[in-house]
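Single-letter residue listing:
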Amino acid sequence: MIKVAPSILAADFARLGEEIEDVRRAGADMLHFDVMDGLFVPNISFGIPVLKSLRRSTDMFLDVHLMIDRPLRYAERFCEAGADLVNVHVEADSPENIRAALEKVRACGKKTGITLKPATPAEAAAPYLELADLVLVMTVEPGFGGQSFMADMLDKLRRVRAMLDAVNPACELEVDGGVNAQTAALCADAGASVLVAGSAVFGKPDRAAAIAALKQA
Ligand code: DX5
Ligand code: ZN
């Protein structure tokens, strides 16, 4: 069964607690938390204090997507603030420091994720597959919600799934960007097990129907 992770980037921040309770009741499997630093991506979102508040208000699994430069600097602080899983981009630092960031997250007792931008080939994830609980394939350029799904990423999804099946079959394969009821089916077909969706969940008045439509894929 495919999991759905609503991205709170598309929520109404003035009513964040209610928005989260709404998607929890609507059947969301986890929450996706997009952190942007204005440097790794051309946008700034939210960070540690917001994560701490969320942690106090929900027991949902918190999937933290760090779109920040040199994530090793902050990996431990996001774990302490309440992340259940920390996703780092392979492009955000040297291979040694990316590995160190994943090891730091593991040492904190949390799950690890490795993320690929659209231009980054599947092979870039290879050195980290055994250290990862999840691989995230971006299907839009990171930085903004509401963009169109890049269908040419489906091949990459299949390649990553095949690589994982060889060395770490329990690893989740997550897809993020432009996922809606139509593109969800393509992602599921290509091997995705977790669908991140911002606009396709928070942009709809009936969140239960929106999540059900994604899961039907
Ligand atoms: C983009 C973020 C996504 C974003 C997805 O940089 O990583 O998680 O919220 O939004 P939608 O689902 O609207 O494309
Ligand atoms: Zn994201």
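Cut-offs applied
Residues numbered from 1 in each chain as written. Chains lettered and ligands numbered in written order. Predicted model: local features only at pLDDT ≥ 70, side-chain atom pairs only at ≥ 80, totals over all residues. Heavy atoms only, no water. Salt bridge = Lys/Arg side-chain N within 4 Å of Asp/Glu carboxyl O. Helix = DSSP H or I, 4+ residues; strand = E, 2+ residues; numbered from the N terminus. Contact = heavy atoms within 4.5 Å. Donors = N, O, S within 2.8 Å, 3.2 Å for Na, K, Ca; no water. Near = heavy atom within 4 Å. Polar contact = N/O pair within 3.5 Å; in protein donor to acceptor, adjacent residues only side chain to side chain. Areas by Shrake-Rupley, 256 points an atom, 1.4 Å probe, with all protein chains shown as cover. Buried < 20%, exposed > 50% of the residue type's maximum accessible area, 1.4 Å probe, protein only. Arc of directions from axis to C-beta. Core = buried A, V, L, I, M, F, W, Y, C linked by side-chain atoms within 4.5 Å. Phe/Tyr/Trp six-rings, centres within 6.5 Å; stacked < 30°, edge-to-face > 60°. Pairing = 2+ DSSP bridges. Right-handed = clockwise from strand over helix to strand, strands pointing away.

Visitor: So what exactly am I meant to see when it comes to the pattern of salt bridges here?
Guide: A side chain with one charge can pair with a side chain of the opposite charge if their charged atoms come near. All told, the structure shown has 16 salt bridges when counted by the stated rule. Its salt-bridge partner being Lys215, residue Asp29 comes within 3.0 Å of it at the nearest N-O pair. Taken together, the positions of Asp29 in the loop between helix H1 (16–25) and strand S2 (31–36) and Lys215 in helix H8 (residues 207–216) put the pair 186 residues apart, joining distant regions of the chain. With its nearest N and O atoms 3.3 Å apart, the salt bridge here joins Asp133 to Arg106. On the criterion of sequence distance, the pair formed by Asp133 in the loop between strand S5 (111–116) and strand S6 (134–138) and Arg106 in helix H4 (residues 95–107) is long-range, its members being 27 residues apart.

Visitor: How do you make sense of the environment of Phe33 when you look at a structure like this?
Guide: With respect to the helices and strands, the residue Phe33 is situated in strand S2. With 31 residues separating them along the chain, Phe33 and Val64 place their C-alpha atoms 4.7 Å apart. Excluding residues within four positions of it along the chain, Phe33 makes contact with Ile8, Phe46, Gly47, Val50, Leu51, Leu54, Asp63, Val64 and His65.

Visitor: Is there a simple way to explain the coordination of the zinc ion (ligand 2) in this structure?
Guide: For a metal with four tetrahedral donors the ideal donor-metal-donor angle is 109.5 degrees, while six octahedral donors give ideal angles of 90 or 180 degrees. At the metal site, the zinc ion (ligand 2) is ligated by His32 (NE2), Asp34 (OD), His65 (ND1) and Asp176 (OD), and these contacts range over 2.0 to 2.3 Å. The sequence pattern describing where the donors of the zinc ion (ligand 2) fall on their chain is H-x1-D-x30-H-x110-D. Of this pair, His32 sits in strand S2 while His65 sits in strand S3 (residues 62–67), placing them 33 residues apart in sequence.

Visitor: I would appreciate a short explanation of the site of ligand 1 in the present structure.
Guide: Around ligand 1 there are 20 residues in total, and Asp34, Gly143, Asp176, Gly198 and Ser199 lie nearest to it. One nitrogen or oxygen atom from the main chain of Gly146 is found 2.9 Å from an oxygen atom belonging to ligand 1. Separating an oxygen atom of ligand 1 from a backbone N or O atom of Gly198 is a distance of 2.7 Å. Against a free-state accessible area of 380 Å², the protein chains account for coverage of 99% of ligand 1. Among the secondary structure elements, those contributing two or more residues to the shell around ligand 1 are S2, S3 and strand S8 (194–197).

Visitor: What should I look at first to understand H1 in this one?
Guide: Structurally, the α-helix is built with 3.6 residues per turn, so residues lying three or four positions apart point the same way. Those residues of H1 lying buried are Leu16, Glu19, Ile20 and Val23. Down the axis of H1, the buried set is contained in an arc of 95°. They therefore lie on one face. Exposed residues on H1 whose side chains face more than 90 degrees from its buried face are Glu18 and Arg25. Its buried side turned inward, H1 meets strand S1 (3–6), S2, helix H2 (48–57), helix H7 (199–202) and H8. Among the residues trailing H1, Gly27 stands out with phi positive, at a value near 105°.

Visitor: Before we go on, may I ask you to explain the environment of Cys108 in this structure?
Guide: By the element assignment, Cys108 lies in the loop between H4 and S5. Remark: the alpha-carbon pair of Cys108 and Glu76, spanning 32 residues in sequence, is separated by 7.0 Å. Discounting chain neighbours no more than four positions away, the residues touching Cys108 are Glu76 and Cys79.

Visitor: Can you help me understand the nonpolar core in this one?
Guide: Among soluble globular proteins, nonpolar side chains are generally buried collectively. Counting 64 residues, the largest nonpolar core has Ile8, Ile114 and Leu195 as the members making the most contacts within it. The greatest single-element share of this core, amounting to 5 residues, is contributed by helix H5 (residues 154–167). Those residues in contact with Leu195 that sit more than four places away from it in its chain are Ile2, Lys3, Val4, Ala5, Val175, Val179, Ala184, Cys187 and Leu214.

Visitor: Explain the packing of aromatic side chains here, please?
Guide: Two measures describe an aromatic ring pair: the distance that separates the ring centres and the angle between the ring planes. Taken as a whole and assessed by the stated rule, the structure comprises 2 aromatic pairs. Summarising the aromatic geometry, the rings of Phe13 and Phe46 are spaced 5.6 Å apart at their centres and angled 85° between planes, so their arrangement reads as edge-to-face. Taken together, the residues Phe13 in the loop between S1 and H1 and Phe46 in the loop between S2 and H2 connect sequence positions 33 residues apart. Phe13 gets classed as partly exposed once you look at its relative accessible area, which sits at 45%. A residue is classified by how much of its surface remains accessible, and Phe46, at 12% relative accessible area, is buried.

Visitor: Please clarify how the pairing of strand S7 (residues 172–176) should be interpreted in this entry.
Guide: Each regular strand shows side chains that alternate between the opposite faces of the sheet. The buried count for S7 comes to 4 of 5 residues, which makes it a mostly enclosed element. When S6 meets S7, the two strands line up parallel, connected through 5 bridges. When the bridges of S7 are listed, Val137 appears paired with Val175. Taken together, S6, H5 and S7 form a β-α-β motif whose crossover is right-handed. When S7 meets S8, the two strands line up parallel, connected through 3 bridges. If you follow Glu174 over to S8, its bridge partner there is Val194. Crossover connection from S7 via helix H6 (residues 181–189) to parallel S8: handedness right-handed.

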